[in-house]
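One-letter residues, chain by chain:
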Amino acid sequence: MTESKEQKPVEEGCCADQQCQCEKDAKCECNSATAEGEAPTREMSAEELQTALKMAEAKVLEHYDLYVRAMAELENTRRRAADDVQKARKFGIEKFAENLLPVVDSLEKALEATKDLSDSPIREGMETTYRQMIHALDVSAMQPIDPQGKPFDPHTQQAIAMVPAPEGVTSGTVVEVFQRGWIIADRVLRPAMVSVAQ
């Protein structure tokens, strides 16, 4: 009795080890299978592309706005730093100059008190010292405020008395200066103390 040979079942969907016509057929299922690890791709519709484009454009505008703001802030920082440096150069001696003004006032009063001692070596020394100090203040961008006979200016002067207007003097004119004021680099360091005609 002849034993029948068992036939191996062909794996479904695959040609297994058998050589068949599907090797030559480009449409064979086993040849068109997706490679392992690759996700199937599909084309995006026109609406999806339009939505993606709008989202990208919005992102670009957002980043551009942030860039413009950052550049503006950088420019403002540079401008403030430059202003600070300029102010430091102009007004760096302001505190020292303000403390020096009483010394100038004292020298002026001493010169006024010794005006009859024109030949005195002490007066000559005070005059020399006074001239040197005024020169030092001048080269440091400091100028005195002496508004005698000029209209009262509240920005540079401080009225401490109102007096009847002398003959020929209009109202609002500075009649007397009790203490000169000083300006440093267009900034009032000390206002002048004056009396004003009513």
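Residues numbered from 1 in each chain as written. Predicted model: local features only at pLDDT ≥ 70, side-chain atom pairs only at ≥ 80, totals over all residues. Heavy atoms only, no water.

On to the sheet that holds strand 3 (residues 174–179). Ordered by their spatial adjacency, three strands build an open sheet running 2-6-3, and the pairing between neighbours is mixed. Only two strands of the sheet have a single partner each, and these edge strands are strand 2 (157–163) and strand 3. Strand-to-strand, the axes of this sheet are offset by a mean angle of 30°, without reference to chain direction. Relative to strand 6 (residues 192–197), strand 3 runs antiparallel, the two sharing four bridges. In the strand pairing of strand 6, glutamate 176 is matched with serine 195. (Pairing = 2+ DSSP bridges. Helix = DSSP H or I, 4+ residues; strand = E, 2+ residues; numbered from the N terminus. Axes fitted to C-alpha atoms, helices over the stretch in contact; angles between N-to-C directions.)

Of note in this structure, alanine 141 is not a glycine but carries a positive phi near 65°. Its place among the elements puts alanine 141 in the loop between helix 3 (121–139) and strand 1 (142–145). A relative accessible area of 39% places alanine 141 in the partly exposed class. At aspartate 186, a residue that is not glycine, the phi angle is positive and equals roughly 70°. Mapping aspartate 186 onto the fold places it in the loop between strand 4 (181–184) and strand 5 (187–190). (Buried < 20%, exposed > 50% of the residue type's maximum accessible area, 1.4 Å probe, protein only.)

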